[in-house]
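Listed below are the residues making up each chain.
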Amino acid sequence: MYPLQSFFHGPKASDVGLVRCSLIRRGCMAGGVLALAASMSLAIEPQEPYEPVSPPLVGITPNNLGLQGTFVSTDVKLARQELPPPALQQPNLTAASTAWRGERVNLQVALWSTNGCGHLRVEAHSRGAFPENIQPHFIRYTQGEGGALTPDILDDATLLDLPAGTTRPLWISIDVPRDAAPGDYQLPFAVAANGAKKLSFQVKLQVLAATLPVPHDWTFHLDLWQNPFAVARYHRVKLWSPEHFAVLEPHMKLLANGGGKVLTASIVHQPWGTQTYDPYQSMIEWIKQSDGTWRYDYTVFDQWVEFGSKCGMDHQINCYSLIPWSNRFRYRDEVSGDYRDVDASPGTQPYEEHLRPFLRDFCEHLKKKGWFERTHIAMDERPLPVMLKLLAFLKKEAPGLKVASAANYTTELSDDIADLSIAIRDGLHLSPEALRKRSASGYFTTFYVCCVPDKPNTFMRAAPAEAEWLGLHAAARRFDGMLRWTYDSWVADPLQDTNHVNFPPGDCFIVYPGGRSSVRFERLRAGIEGYEKIRILRAAAARPTASPAFADAMQTLEVALANINFEKGQHGKVEAEVQAAREAIDAAAREMVP
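Note that the coordinates shown come from a computational prediction; the quantities given were computed from them, not determined experimentally. (Residues numbered from 1 in each chain as written. Predicted model: local features only at pLDDT ≥ 70, side-chain atom pairs only at ≥ 80, totals over all residues. Heavy atoms only, no water.)

Colleague: Looking at this structure, how should I read the overall build of the protein?
Modeller: In terms of regular secondary structure, the protein is built from twelve helices and 25 strands. Across the 594 residues of the protein, 57% fall into the buried class. Look at the contacts in the protein between residues 6 or more apart in sequence, and 75% of them connect residues 24 or more apart. (Helix = DSSP H or I, 4+ residues; strand = E, 2+ residues; numbered from the N terminus. Buried < 20%, exposed > 50% of the residue type's maximum accessible area, 1.4 Å probe, protein only. Contact = heavy atoms within 4.5 Å.)

Colleague: Sorry, what's going on with the pattern of salt bridges here?
Modeller: It is possible for side chains bearing opposite charge to pair when their charged atoms get close. Going through the model one piece at a time under the given rule, you end up with 36 salt bridges. Through salt bridges with shared partners, one network takes in Asp75, Glu468, Arg523 and Arg582. (Salt bridge = Lys/Arg side-chain N within 4 Å of Asp/Glu carboxyl O.)

Colleague: Would you explain helix α5 (residues 349-369) in this entry?
Modeller: Helical geometry note: an α-helix holds 3.6 residues per turn, so side chains three or four residues apart project in the same direction. Between its first and last C-alpha, α5 extends 30 Å over 21 residues, near the 30 Å set by a 1.5 Å rise per residue. The principal kink in α5, of about 30°, is found at Leu355, preceding the proline Pro357 by one to four residues. Listed as buried for α5 are Tyr351, His354, Leu355, Phe358, Leu359, Phe362, Cys363, His365 and Leu366. Just downstream of α5 lies Gly370, where phi reads positive at about 80°. (Expected span 1.5 Å × (residues − 1). Bend = angle between axes of the 7 residues up to and from the residue.)

Colleague: Help me understand the sheet that holds strand β3 (residues 68-72), please; the structure alone is not making it clear to me.
Modeller: Across a sheet, paired strands are connected by hydrogen bonds in the backbone, their directions being either parallel or antiparallel. Taken in spatial order, the six strands line up as β3-β5-β10-β7-β8-β25 in an open sheet, and their pairing is antiparallel. Each edge of the sheet is formed by a strand with only one pairing partner; in this case those strands are β3 and β25 (517-518). Pairing of strand β7 (residues 134-143) with strand β8 (residues 149-154), which is carried by five bridges, proceeds in the antiparallel orientation. Residue pairing in the sheet places Gln143 in a bridge with Leu149 of β8. (Pairing = 2+ DSSP bridges.)

Colleague: What is the right way to read the sheet that holds strand β15 (residues 285-288) from this model?
Modeller: Read across the open sheet, the four strands follow the order β16-β15-β18-β19; overall the sheet is mixed. Both outer strands of the open sheet, β16 (294-297) and β19 (339-343), are each paired with one neighbouring strand and no more. With direction set aside, neighbouring strand axes in the sheet form an average angle of 40°. Sheet topology places β15 next to β16; four bridges connect them, and they run antiparallel. Each bridged residue has a counterpart across the sheet, and for Trp286 the counterpart in β16 is Tyr296. Where α5 meets the sheet, its contacts fall on β15, β16, β18 (328-333) and β19, and the angle it forms with β16 comes to roughly 50°. (Axes fitted to C-alpha atoms, helices over the stretch in contact; angles between N-to-C directions.)

Colleague: Sorry if this is basic, but what is going on with the nonpolar core here?
Modeller: Within soluble globular proteins, side chains that are nonpolar tend to cluster in buried spots. One finds Phe301, Leu322, Phe358 and Leu537 to be the most contacted residues of the largest nonpolar core, which totals 129 residues. With eight residues, helix α9 (residues 519-541) is the largest single contributor of residues to this core. In contact with Leu322, other than residues within four places in its own chain, are Ile267, Phe329, Tyr351, Leu355, Phe358, Leu359, Ile377, Ala378, Met379, Leu390 and Leu394. Within the second largest apolar cluster, 33 residues are counted, among which are Phe138, Ala157, Leu162 and Val191. (Core = buried A, V, L, I, M, F, W, Y, C linked by side-chain atoms within 4.5 Å.)

Colleague: Could you clarify how one ought to interpret the pairing of strand β17 (residues 316-320) in this entry?
Modeller: Within a regular strand, side chains alternate between the sheet's two faces. Most of β17 is tucked away: five of the five residues are buried. Because side chains alternate across β17, one face comprises the buried residues Gln316, Asn318 and Tyr320, and the other comprises Ile317 and Cys319, equally buried. Inspection of the sheet shows strand β14 (residues 262-266) paired to β17 by five bridges, in the parallel sense. Each residue of the ladder has a partner; that of Leu263, found in β17, is Ile317.

Colleague: What am I meant to see in the packing of helix α3 (residues 242-257) against helix α4 (residues 299-310) here?
Modeller: Between two packed helices, the angle of one axis relative to the other and the distance separating the axes together describe the packing. Running from N to C, α3 and α4 point in directions that differ by 45°, and their axes come no closer than 10 Å. As summarised for this structure, α3 and α4 are arranged oblique, according to the angle between their axes. For the pair α3 and α4, the crossing hand works out as right-handed. Of α4, the residues touching α3 (which contributes Phe245, Leu248, Glu249 and Met252) are Gln303, Trp304, Phe307 and Lys310. Each residue belonging to the contact of α3 with α4 can be placed in one class, and the counts come to five nonpolar, one polar and two charged. (Parallel < 35°, antiparallel > 145°, perpendicular 65-115°, else oblique. Left-handed = near helix turned anticlockwise from the far one by under 90°. Nonpolar A, V, L, I, M, F, W, Y, C, P; charged D, E, K, R; others polar.)

Colleague: How should unusual backbone geometry be read in this particular structure?
Modeller: The phi angle of most residues is negative, glycine excepted, and most peptide bonds adopt the trans form. Omega for the bond connecting Tyr320 with Ser321 falls within 30 degrees of zero, at -10°, which places this linkage in the cis form. Here the bond from Val452 into Pro453 is cis, since omega is 0°, no more than 30 degrees from zero. Its place among the elements puts Pro453 in the loop between β23 (444-449) and α8 (464-477). The residue Phe130 is not glycine, and still its phi comes out positive at about 25°. The exposure class assigned to Phe130 is buried, which follows from its relative accessible area of 12%. Non-glycine residue Arg236 carries a positive phi angle of around 60°.

In structure tokens:
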């Protein structure tokens, strides 16, 4: 994301089309990566899918020609090829919001024109509060469910046209400085277009005394699986080349700044088969030598872990998987140079003979690198009998090596899985006592959503508030965080179409190429901020200095959180519950003694 001050330091008004100033040309990388990126030219990105307006627009009067705009709720999805509903067309150029210090405030503006406008752009006002922390993004449309154009991509275009009879949403993010003095602030900005009257907007922001930690220090355990193979394919760069890491850097920093805690590493070939458009390859080369012994090349694995740490993803490494879906392990035969496969299942002699030398070598390597304590062997929804066999084997051959797993069962493995994620529906059966016991042992317990349930989720068809609901649900049920199976397993061209042959649109990724965030990711991030606020408030409420007024406000908050439950959330329409939780959090923060 970019500061508002530099948002229009881009192409001249004579440039046409949707112009994208590459992230890597804006200096967000350092050293040799920046030097490499600086040589890349300004690119003209394809326009988003567009369908002509039909039937012809009606109700056009001299009063609604030209550029029109208003603040609207971030819960609203604005259709591309039609004007906003009449109820949203009432001009409202002022928005009021409340924020903690260190919080990101999100707002949405609807822009439309019945007769069209050229060179739509955002302009800063230097007289406003911390203008460098205001980040505007035009929301770009891509094809979602049934080919419907869906507003989701927070684009880095600084200049575009607004065709007649269409709407363009604008997303405004405000990163409140952690050292901002509590009080009231005015944050003005304007939207202009060639030949149209400029629209002047203003945000009235009340900053509370409460402060959020930086995202790196959030306690929320966010595990979104990364797919660097998809990034390489989309950007047409060689795997693990300097060019690959150059395009990965803003992409991975976006995740870290959203609270990402777990680095995804694939240590076998295709641990999930070919379910994603870009299958995962092994980051470790398994080599059978001429004398029958084994050698393991960790070059790529080491590069990935070191790079992830550099981007802020330095908390945990999850290595997939010692139970690949195919029960097949690929290796390279040193004599022939060919790749061959070993078929082996946990609990069998071939499995143990194949995995034993690897585990011993891998653990030794991790200890030499200083990564052993944060590394987990990770599994995904493997049957309980198979998991029990693997755990027994690991205890014998790799003592101390932690295990992570997404599972559809709850208590059977509670003492053996350091990072356990339960399907959100099955999480209903996990008792508060079990959660407290695992927490006391230093274990993480999270919930996950994937291609199910239908609601709440982060699909393209989902209501925007559903993503924020997920973080609040973790706080309400006292989970440590959440897991989702994909951060960036893109389809062929997600900027044009998010549909996958097997999964709901948007299920396979929540961000876009070029370091672009999304409405879905920002709302998920907002829910994680809500989780962190609730954690801070609960800790303050346990102190003997807590006032009666604060205790009353916390009781109101807990009542609001009781309504953030899966029994209600699975039916959708979660906007009211999310808003009630937000208001209760702010009310409690006003009463909290710093």
